[in-house]
Amino acid sequence: MLSSQSGAPGSQEFAVIARGVEKSFGALKVLQGVDLTVGYGKVACILGPSGSGKSTFLRCMNHLERIDKGFLHVGGKLVGYREHAGKLYEMRPNEVARQRADIGMVFQSFNLFPHMTVLQNIIEAPIGVKKLSKAEAIEDARRLLAKVGLTDKADAYPRTLSGGQQQRVAIARALAMRPKLMLFDEPTSALDPELVGEVLTVMRDLAAEGMTMIVVTHELGFAREVGDMVVFMDGGVVVEQGSPSELFTNTKTGRAKAFLSKVL
Amino acid sequence: MTQVLNWPASHDVEKMPVVPLKYYGRWIAAAVLLIVIGGLVTSMITNPRFKWEIVAQYLFNEEILSGLLATIWLTLAAMAIGIVLGTGIALMRISENRVLTSIASGYLWLFRGTPLLVQLIFWYNLSALYPQITVGFPFGPSLGSFDANRFITVYVAALLGLGLNEGAYMSEIVRSGLNSVPVGQREAAEALGMSRFRVMARIILPQAMRVIIPPTGNQLIGMLKTTSLVSVIAMQELLYSAQLIYTANFQTIPLLIVASIWYLALTTVLSIGQYFVERHFGKSDRRSDATPQAEVEDPNHSARSA
């Protein structure tokens with residue numbers, strides 16, 4: 001905690017600072033030097049064709065993938081490394097876990113725990129990791145379920161819920177850890193079209209409350225309406241970024257233009 | 001493309017009687033088997049050489065019951081060793097450390113690749129290899145040594161033989177169970193900040209259980225019968241107790257029937273237990289207590305675009 005707060009200048013003021021982040025899977029270099037800065041309270045939407053590295057970059061932010069090169073500060077801390085006496089030490093698994101507790105993540109495939117009820121899904125980490133009392137965790141969970149509009153589903157098992165409901169539970173589960181930052185990895189891509197809206201509504205409310213969010217998405221409407229900044233990635237780098245109005249109406253790079261013309 | 005059916009209006013289908021299809025083949029097969037089984041049962045009852053009165057006489061014989069008790073504890077203890085060891089070896093096999101995976105594979109290769117009977121006799125004769133067993137550090141101080149002949153009793157040899165062998169088979173069962181849990185489950189749990197131990201104990205293992213339990217039940221029932229092998233190293237379990245009696249009174253068949261009746265009784269109890277354990281770990285799959293809701297989607301298809 002102490003030493004890891006140093007590092008990049010101004011790392012305290014930003015939720016995410018990435019400098020030259022590189023990541024390879026075997027011979028395939030997925031991230032080729034990503035630079036990105038996202039301030040607290042902002043919503044950043046990452047767009048780009050599949051294979052552009054946007055999901056991998058998101059997964060690097062909570063160390064689900066280890067970066068090969070570059071620097072990645074999340075919440076003012078270096079992801080996965082501890083700085084000490086001029087050297088970077090790889091964190092032990094439990095230190096990584098502690099770091100992740102402040103970062104919520106929502107997956108494309110929901111990944112609810114199928115052997116637990118909705119309520120158990122939500123209270124599992126607050127009790128086990130944050131050491132909340134069970135009563136406190138349940139109270140929290142019920143409040144969050146009300147927020148995502150699923151009060152009556154507390155005792156249902158995930159497989160009895162629709163995709164949209166499952167994703168809303170997944171959001172509630174991530175929020176139960178009271179994260180400073182929420183990462184969304186294509187949260188609506190696995191949903192039937194008519195279920196996309198309910199999940200986006202929950203995310204819109206969350207953004208309105210001032211939550212810092214990084215959203216990898218194909219929902220251009222959401223990016224335009226809710227995003228404070230839009231980041232276009234291709235070929236493992238950030239090609240273009242700016243406010244939605246800038247990026248959508250005054251697209252500079254050819255690659256972003258080509259992509260937007262295909263999906264709009 | 002709607003096809004116009006030539007529907008005879010005069011035929012009132014709703015009022016016609018329905019004639020079910022007759023399965024003559026099945027009925028004949030059933031009848032033949034019933035006749036065969038009936039013949040066998042009749043012969044078992046009427047053939048005086050089965051000596052049912054001797055079966056009845058020895059069913060609750062004191063030596064048989066103490067052998068039964070030995071079989072039960074040996075089964076449970078060997079299975080417990082097998083499960084603990086198997087879990088450890090399974091975790092080693094999925095480790096990212098090459099040395100650990102190699103050692104685990106080597107263990108599996110050795111214990112699955114040699115007959116259990118050979119292993120039992122080997123452990124029983126371990127004192128021929130190591131007359132003195134010394135506990136201590138390699139090249140370091142010794143913590144004491146004892147006589148292998150006294151330490152490796154039939155009980156220890158039986159437990160070692162059955163437990164170590166079972167560990168190899170259980171490790172494959174546990175590993176397949178762990179592998180059956182989608183990667184997304186581990187990632188979701190880790191993303192919530194859970195420690196690796198907690199992820200394993202609360203998320204992965206409970207889900208793996210559904211895959212692990214049915215074959216483990218089979219292994220347990222198999223183990224119950226495999227314990228009869230230790231009769232070769234003269235441990236007094238159920239079969240050996242029966243053998244001791246029939247070598248004295250030459251009533252071989254009746255005493256084997258006595259032993260079989262007890263084996264059947266125990267496997268029946270275990271099968272019933274297995275049913276309830278499986279039901280417990282499959283409870284999230286049951287739809288009965290669920291609210292009638294939308295379509296079921298596979299929550300864990302691991303589609304992930306980069």
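Residues numbered from 1 in each chain as written. Chains lettered and ligands numbered in written order. Predicted model: local features only at pLDDT ≥ 70, side-chain atom pairs only at ≥ 80, totals over all residues. Heavy atoms only, no water.

J.: Could you give an account of the interface of chain A and chain B, with specific residues and numbers?
T.: Taken residue by residue, the interface counts 50 residues in chain A and 35 residues in chain B. Summed over both sides, the interface between chain A and chain B buries roughly 3600 Å², with carbon and sulfur atoms accounting for 52% of that surface. Among the residues of chain A in contact with chain B, His-115, Arg-159 and Thr-160 of chain A are the three that bury the most area, contributing 18% of the side total. A salt bridge links Glu-124 of chain A to Arg-202 of chain B; its shortest N-O distance comes to 2.7 Å. If you look at where chain A meets chain B, you find six residue pairs in polar contact (both at pLDDT 80 or more). Within the residue set of the side of chain A that touches chain B, elements represented by two or more residues are helix 1 (54–61), helix 2 (93–100), strand 8 (103–106), helix 3 (118–128) and helix 5 (163–175) of chain A. For the side of chain A that touches chain B, the leading source of residues is helix 5 of chain A, giving five residues. Classifying every residue of the side of chain A that touches chain B gives 22 nonpolar, 18 polar and ten charged. (Contact = heavy atoms within 4.5 Å. Buried area = accessible area lost by both parts, 1.4 Å probe. Salt bridge = Lys/Arg side-chain N within 4 Å of Asp/Glu carboxyl O. Polar contact = N/O pair within 3.5 Å; in protein donor to acceptor, adjacent residues only side chain to side chain. Helix = DSSP H or I, 4+ residues; strand = E, 2+ residues; numbered from the N terminus. Nonpolar A, V, L, I, M, F, W, Y, C, P; charged D, E, K, R; others polar.)

J.: Just give me the short version of the state of the cysteines, but keep the residues and values in it.
T.: Residues and elements named next belong to chain A. Scanning the model with the defined rule gives zero disulfides over all chains in all. The thiol of Cys-45 is not disulfide-bonded; the next cysteine sulfur, from Cys-60, is found 19 Å away. Take Cys-60: its relative accessible area is 1%, and that puts it in the buried class. (Disulfide = S-S within 2.5 Å. Buried < 20%, exposed > 50% of the residue type's maximum accessible area, 1.4 Å probe, protein only.)

J.: So what about the sheet that holds strand 9 (residues 181–185) of chain A? Which residues, and what values?
T.: Residue and element names in this part refer to chain A. Pairing in this open sheet of six strands is mixed, and the strands run 8-9-10-3-11-12 from one edge to the other. Every interior strand has two partners, whereas the edge strands, strand 8 and strand 12 (237–242), have only one. Neighbouring strand axes in the sheet, compared pairwise and without regard to direction, differ in orientation by 20 degrees on average. Across five bridges, strand 11 (residues 229–234) lies against strand 12 in antiparallel orientation. Paired with Phe-232 across the bridge in strand 12 is Glu-240. Where helix 5 meets the sheet, its contacts fall on strand 8 and strand 9, and the angle it forms with strand 8 comes to roughly 170 degrees. Across the sheet, helix 6 (residues 193–208) lies against strand 3 (43–47), strand 9 and strand 10 (212–216), angled at about 145 degrees from strand 10, the strand it touches most. (Pairing = 2+ DSSP bridges. Axes fitted to C-alpha atoms, helices over the stretch in contact; angles between N-to-C directions.)

J.: So, the pairing of strand 7 (residues 87–90) of chain A: which residues are in play, and what are the values?
T.: All names here are of chain A. Alignment of strand 6 (residues 81–84) against strand 7, held across four bridges, turns out to be antiparallel. Looking at strand 7, one finds that Glu-83 is bridged to Leu-88. Once strand 6 ends, the chain turns through two residues before running back antiparallel as strand 7, passing Ala-85 with a positive phi of about 50 degrees.

J.: Give a description of helix 2 (residues 52–59) of chain B that names residues and reports values.
T.: Residue and element names in this part refer to chain B. Listed as buried for helix 2 are Ile-54, Val-55, Tyr-58 and Leu-59. Down the axis of helix 2, the sector holding all buried residues measures 135 degrees, keeping them to one side. More than 90 degrees from the buried face of helix 2, the exposed residues found are Glu-53, Ala-56 and Gln-57. Looking at the buried positions of helix 2, the neighbouring elements they touch are helix 3 (62–93), helix 11 (238–249) and helix 12 (252–281). (Arc of directions from axis to C-beta.)

J.: Describe the packing of aromatic side chains, naming the residues involved and giving the relevant values.
T.: Ring pairs (aromatic) are described by centroid distance and by the angle formed between their planes. Overall, the coordinates contain eight aromatic pairs over all chains when judged by the stated rule. Their ring planes at 75 degrees and their centres at 5.2 Å tell us that Tyr-275 of chain B and Phe-276 of chain B sit as a pair that is edge-to-face. According to the relative accessible area criterion, Tyr-275 of chain B is partly exposed, its value standing at 48%. Directly above the aromatic system of Phe-113 of chain A lies the positively charged group of Arg-173 of chain A, at a separation of 4.4 Å from the ring centroid. The ring of Phe-248 of chain A carries the charged tip of Arg-224 of chain A above its face, separated from the ring centre by 4.8 Å. (Phe/Tyr/Trp six-rings, centres within 6.5 Å; stacked < 30°, edge-to-face > 60°. Lys NZ or Arg CZ within 6 Å of the ring centre and 35° of its normal.)

J.: Give me the lowdown on the side chain of Gln-207 of chain B, citing residues and values where you can.
T.: With respect to the secondary-structure elements, Gln-207 of chain B resides in helix 10 (residues 196–226). In this structure Gln-207 of chain B touches Pro-114 and His-115 of chain A together with Val-181 and Gln-185 of chain B, once residues within four positions along its chain are discounted.

J.: Tell me about the pairing of strand 10 of chain A, and name the residues and values.
T.: Residues and elements named next belong to chain A. Burial of strand 10 is extensive: five of the five residues sit out of reach of the surface. Across the two faces of strand 10 the burial is the same, with Thr-212, Ile-214 and Val-216 and Met-213 and Val-215 all buried. Across four bridges, strand 3 lies against strand 10 in parallel orientation. Bridged to Ala-44 within strand 10 is Ile-214. Relative to strand 10, strand 9 runs parallel, the two being bridged by five bridges. Bridging from a neighbouring strand, Met-182 pairs with Met-213 of strand 10. Each parallel crossover has a hand, and the one from strand 9 via helix 6 to strand 10 is right-handed. (Right-handed = clockwise from strand over helix to strand, strands pointing away.)

J.: Residues and numbers for the nonpolar core, please.
T.: Counting 78 residues, the largest nonpolar core has Val-16, Phe-57, Met-61, Leu-72 and Ile-214 of chain A as the members making the most contacts within it. Element by element, the count of residues in this core is highest for helix 8 (residues 154–179) of chain B, at eleven residues. Setting aside residues no more than four positions away along its own chain, Leu-72 of chain A makes contact with Val-16, Ile-17, Ala-18, Val-21, Phe-57, Cys-60, Met-61, Ile-67, Lys-77, Leu-78 and Val-79 of chain A. (Core = buried A, V, L, I, M, F, W, Y, C linked by side-chain atoms within 4.5 Å.)

J.: Which residues make up the pattern of salt bridges, and what values go with them?
T.: Using the criterion set out here, one finds 20 salt bridges over all chains in the structure. Asp-140 of chain A is the partner of Arg-143 of chain A in a salt bridge, and the nearest nitrogen-oxygen pair spans 3.3 Å. With Arg-143 of chain A and Asp-140 of chain A both in helix 4 (residues 134–147) and three residues apart, the pair spans about one turn of that helix. When its relative accessible area of 10% is taken as the criterion, Asp-140 of chain A is described as buried. A salt bridge links Glu-198 of chain A to Arg-168 of chain A, with the nearest nitrogen and oxygen atoms 2.4 Å apart. Linking Glu-198 of chain A in helix 6 with Arg-168 of chain A in helix 5, this pair joins segments that are 30 residues apart in sequence. When its relative accessible area of 10% is taken as the criterion, Arg-168 of chain A is described as buried. Each member of the salt-bridge network shares a partner with another, and the members are Arg-93, Arg-112, Glu-172 and Arg-175 of chain B.

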